[in-house]
Amino acid sequence: MLPEKQTDNLDKVLSSADHLLGLINTVLDIAKIEAGRLDVQASNFNINSLVDQCYNTAQPLIKANVKFEKKNDVELPLVYSDQDKIKQIILNLLSNAAKFTHAGNIILSVHHTGEAFMVDVIDSGIGMNAEALSRVFEEFQQADSSTTRQYGGTGLGLSISRSLAHLLGGDLTVVSEPGKGSTFTLSLPIHYVDKEHASPSDTQPDSVSQTESTL
């Protein structure tokens, strides 16, 4: 067996390597999106199951004095979209909320209206002023330099999350006030349509060959 100090050093190396790999993959995803080369792998799935999975994954990130709640939409039908990309967006939002919320609550909520569904991540964290809100989705941006020093991060998570939302035919928006927290809302069509390659008949759900997948 390796001495404890060497084991600790190896753990640090592995952690740093995982972080670097994640950063490289994020930058590659941004490059693919900008080049129009990131494909959408759409299938039928239960969004509530995906939200449950994201909720469970994010649990270890939540601080001890923060209440973490989840609200599902039991009437929401199967979603036809790219569940891996939606999962990536939701986990980015939850990670962000956990980082900036020291007390209070974080709520993960899914609901729908008409042909669209929404996933809200609501926190009672530090919030943002109007200037920070105007550039929060820009690459390599955070609220200010002091935020970067205190909390770390690259400022890429929200940028790529909005790009992925646009890729899936939706949007990612935010409302926030300093000291009162933030609400990020992911809005997506229940049925994804590839507008670049779709024929008129492809816009109808019954005409699309879909492969159902479950989590």
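The text that follows walks through the structure, step by step, so that each part is easy to find. Computed from a predicted structure; not experimentally measured. (Residues numbered from 1 in each chain as written. Predicted model: local features only at pLDDT ≥ 70, side-chain atom pairs only at ≥ 80, totals over all residues. Heavy atoms only, no water.)

Thoughts on the overall build of the protein
The helix and strand inventory of the protein stands at six helices and seven strands. Element order for the protein, N to C, with α for helix and β for strand: α-β-α-β-β-α-β-β-α-α-α-β-β. Within the protein, the fraction of its 215 residues that count as buried is 38%. Considering only residue pairs separated by 6 or more positions, the protein has 69% of its internal contacts joining residues 24 or more positions apart. A total of about 12200 Å² of accessible surface is found on the protein, and carbon and sulfur atoms cover 51% of it. (Helix = DSSP H or I, 4+ residues; strand = E, 2+ residues; numbered from the N terminus. Buried < 20%, exposed > 50% of the residue type's maximum accessible area, 1.4 Å probe, protein only. Contact = heavy atoms within 4.5 Å. Areas by Shrake-Rupley, 256 points an atom, 1.4 Å probe, with all protein chains shown as cover.)

So, the pattern of salt bridges
Evaluated as defined, the whole model comprises four salt bridges. Asp171 is the salt-bridge partner of Arg162, the closest N and O atoms lying 3.7 Å from each other. A residue is classified by how much of its surface remains accessible, and Arg162, at 25% relative accessible area, is partly exposed. Take Asp171: its relative accessible area is 28%, and that puts it in the partly exposed class. (Salt bridge = Lys/Arg side-chain N within 4 Å of Asp/Glu carboxyl O.)

Describing the pairing of strand β4 (residues 104–113)
Strand direction decides the pairing type here: strand β2 (residues 66–71) and β4, joined by six bridges, are parallel. Bridge pairing in β4 places Lys67 opposite Asn105. In the sheet, β4 pairs with strand β5 (residues 116–123) via eight bridges, with the strands oriented antiparallel. Residue pairing in the sheet places Thr113 in a bridge with Ala116 of β5. Between β4 and β5, which pair antiparallel and follow one another directly, the connecting turn spans two residues, one of which, Gly114, has a positive phi of 60 degrees. (Pairing = 2+ DSSP bridges.)

Re the side chain of Ser161
Structurally, the position occupied by Ser161 is in helix α6 (residues 157–167). Within the structure, the side chain of Ser161 is placed 3.1 Å from the side chain of Asn92, a separation counted as a polar contact. Look past the residues within four positions of Ser161 in its chain and what remains in contact with it is Ile89, Asn92 and Leu172. (Polar contact = N/O pair within 3.5 Å; in protein donor to acceptor, adjacent residues only side chain to side chain.)

Details of the pairing of strand β6 (residues 171–177)
Going residue by residue along β6, you find Leu172, Val174 and Ser176 tucked away on one face and Asp171, Thr173, Val175 and Glu177 left uncovered on the opposite face. Where β6 lies against strand β7 (residues 181–189), seven bridges are found, and the strand directions are antiparallel. Bridge pairing links Ser176 to Ser182 in β7. Where β6 folds back on β7, the antiparallel hairpin that results is connected by three residues, among which Gly179 adopts a positive phi of roughly 80 degrees.

As for the packing of helix α3 (residues 83–100) against α6
A pair of packed helices can be characterised by two numbers: the angle between their axes and the separation between those axes. It is the contact of α3 with α6, at a shortest axis distance of 9 Å, that shows an interaxial angle of 150 degrees. Considering the angle they form, α3 stands roughly antiparallel to α6. Classified by chirality, the crossing of α6 by α3 is left-handed. Contacts from Lys85, Gln88, Ile89, Asn92, Leu93 and Asn96 of α3 reach α6 at Gly157, Leu158, Ile160, Ser161, Leu164, Ala165 and Leu167. Class assignment of the residues belonging to the contact of α3 with α6 gives a composition of seven nonpolar, five polar and one charged. (Axes fitted to C-alpha atoms, helices over the stretch in contact; angles between N-to-C directions. Parallel < 35°, antiparallel > 145°, perpendicular 65-115°, else oblique. Left-handed = near helix turned anticlockwise from the far one by under 90°. Nonpolar A, V, L, I, M, F, W, Y, C, P; charged D, E, K, R; others polar.)

Digging into the nonpolar core
Grouped together as the largest cluster of nonpolar side chains are 41 residues, with contacts concentrated most on Ile47, Ile86, Leu94, Leu108 and Phe117. Of all the secondary-structure elements, those providing two or more residues to this core are α2 (47–58), β2, α3, β4, β5, α6, β6 and β7. Apart from the residues lying within four places of it in its own chain, the contact partners of Leu94 are Cys54, Tyr55, Ala58, Phe68, Ile106, Leu108 and Val121. (Core = buried A, V, L, I, M, F, W, Y, C linked by side-chain atoms within 4.5 Å.)

Details of the packing of α2 against α3
The interhelical angle for the contact between α2 and α3, taken along N-to-C directions, is 40 degrees, at an axis separation of 10 Å. The angle between α2 and α3 falls in the class oblique. As for the relative orientation of α2 and α3, their crossing is right-handed in sense. Facing α2, whose interface residues are Ile47, Leu50, Val51, Gln53, Cys54, Tyr55, Thr57 and Ala58, α3 presents Gln83, Ile86, Lys87, Ile90, Leu91 and Leu94. Within the contact of α2 with α3, the residues separate by chemical class into ten nonpolar, three polar and one charged.

Describing the packing of aromatic side chains
Considering all chains together, one arrives at two aromatic pairs under this definition. Ring centres of Phe137 and Phe184 lie 6.2 Å apart, and the angle between their planes is 90 degrees; this geometry places the pair in the edge-to-face category. Of this pair, Phe137 sits in the loop between α4 (130–135) and α5 (145–151) while Phe184 is found in strand β7, placing the two residues 47 residues apart along the sequence. A relative accessible area of 13% places Phe137 in the buried class. The cationic tip of Lys70 hangs over the ring face of Tyr55; the distance from NZ or CZ to the ring centre is 5.5 Å. In this arrangement the basic side chain of Arg162 is found over the ring face of Phe137, its NZ or CZ atom lying 3.8 Å from the centre. (Phe/Tyr/Trp six-rings, centres within 6.5 Å; stacked < 30°, edge-to-face > 60°. Lys NZ or Arg CZ within 6 Å of the ring centre and 35° of its normal.)

Everything listed here is a matter of coordinates, which is why it stays silent on function.
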